[in-house]
Amino acid sequence: MLPLRYILRLASLCIATLLGGCMEWEYGYTEDFQFKGRGLYIINEGNFQYGNASLSYYDPDTKSVENEVFYRANAMKLGDVAQSMTVRDGIGWVVVNNSHVVFAIDLSTAREVGRITDLTSPRYIHFLSDEKAYITQLWDNRIFIVNPKRFEVTGYIECPRMTMETGSTEQMVQWGKYVYVNCWSYQNRILKIDTTTDKVVGELEVGIQPTSLKIDCNGKLWTVTDGGYEDSPYGYEAPSLYCIDAETFTIEREFNFQKGDAPSELMLNGAGNKIYWINNDIWAMDVDAAHLPTRPFLPYNDTIYYGLTIDPATGDVYIADAIDYQQQGKIYRYSATGELIDEFYTGIIPGAFGWR
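Residues numbered from 1 in each chain as written. Predicted model: local features only at pLDDT ≥ 70, side-chain atom pairs only at ≥ 80, totals over all residues. Heavy atoms only, no water.

### Regarding the sheet that holds strand 12 (residues 172–175)
- Strand order across the open sheet formed by four strands is 12-13-14-15, with antiparallel pairing between neighbours. Pairing within the sheet leaves two strands with one partner each, and these edge strands are strand 12 and strand 15 (199–205). The sheet shows a mean angle of 25° between the axes of neighbouring strands, taken without regard to direction. (Pairing = 2+ DSSP bridges. Helix = DSSP H or I, 4+ residues; strand = E, 2+ residues; numbered from the N terminus. Axes fitted to C-alpha atoms, helices over the stretch in contact; angles between N-to-C directions.)

### Topic: the sheet that holds strand 8 (residues 122–129)
- Spatial ordering of the open sheet is given by 8-9-10-11, a layout of four strands whose pairing is antiparallel. Each edge of the open sheet is held by one strand with a lone partner, namely strand 8 and strand 11 (152–158). Between one strand axis and the next, the sheet turns through 25° on average, direction left out of account.
- Where strand 10 (residues 142–147) and strand 11 come together, six bridges link them in antiparallel fashion.

### Some thoughts on the packing of aromatic side chains
- Tallying each qualifying case throughout the model produces 18 aromatic pairs.
- Relative to Tyr41, the ring of Phe35 lies with its centre 6.2 Å away and its plane at 85°, an arrangement referred to as edge-to-face.
- With a centroid separation of 5.3 Å and 50° between ring planes, the pair formed by Tyr180 and Phe249 is classed as tilted. Note that Tyr180 is positioned in strand 13 (residues 178–183) and Phe249 in the loop between strand 18 (240–245) and strand 19 (250–256), a separation of 69 residues in sequence.
- What links up through ring pairs into an aromatic cluster is the set Phe33, Phe35, Tyr41 and Tyr57.
- A cation sits over an aromatic face here: Arg142 above Tyr156, 4.3 Å from the ring centre.
- The ring of Tyr178 carries Lys192 above its face, with NZ or CZ at 4.3 Å from the centroid. (Phe/Tyr/Trp six-rings, centres within 6.5 Å; stacked < 30°, edge-to-face > 60°. Lys NZ or Arg CZ within 6 Å of the ring centre and 35° of its normal.)

Here it is as structure tokens:
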């Protein structure tokens, strides 16, 4: 049976386009923030169609947290279902899936400096230059090409063997002139895009529904599949972790999980030589390991581990706990050796992060 986290995510995303996800932006009084030094933005997904997505900000040095910083800084709601955040040159690009928008915010103040609209169901943004970026979509067989300076859509990449109903492109990583993207919902492929032509030039089949994509210090792509779910029309199998050579675009290693496992949220440390993921517990493994670990890095805590990030400077591990998908979520901060450092509450369904 499909785990609850995927049932809820699929339910929210499947009807996002049909129901529009329109937001009524509310303007009023604003607050002034001046975040300094290193810090962590937490993207709180919120409940589908409730428009209660939000941003939190955490200072690792002082262990202080500010919640609802987007609303407080801009006097308007972030929108419906916040998906991801990409940081570039002091700007945070916040993708809000069911509001069909990507906000650009100043990382020091959380103030909006622009937005990209007219998107189908955006998932992630990847920058090629100051004037060119890709935005992946759910329920669309295209990846959108945008100009971030002008905040506008400039073109599309057609993805093969997809329809508007089954289209799904997710996370992106780059190696040389090529961008790689995993196709998640009812898909089993990694696509290879030539950024000089904006064309798909290759595809590699992996297991059912690759949920994450990262590239390590050795130029190896890592993806983990969830295996689908029981009675899925696309199939159901044991999940796997794949190591793929970016240069040759071939699978080098495959690590198999048990059928019914649900690995997700694949992450790398700052050096790119260690991977982490969620599979009830939190797991960690060196990228040159020959076998999956037999013991978790952090054991399951009878709750819903929903998001994961690694401090690129210190190696601290941050775990997002959705608790029950209704109340404020919680973040646990552990050291690189697994010692609890801090814990704090955020918004509803924390699931993604952005380091400044």
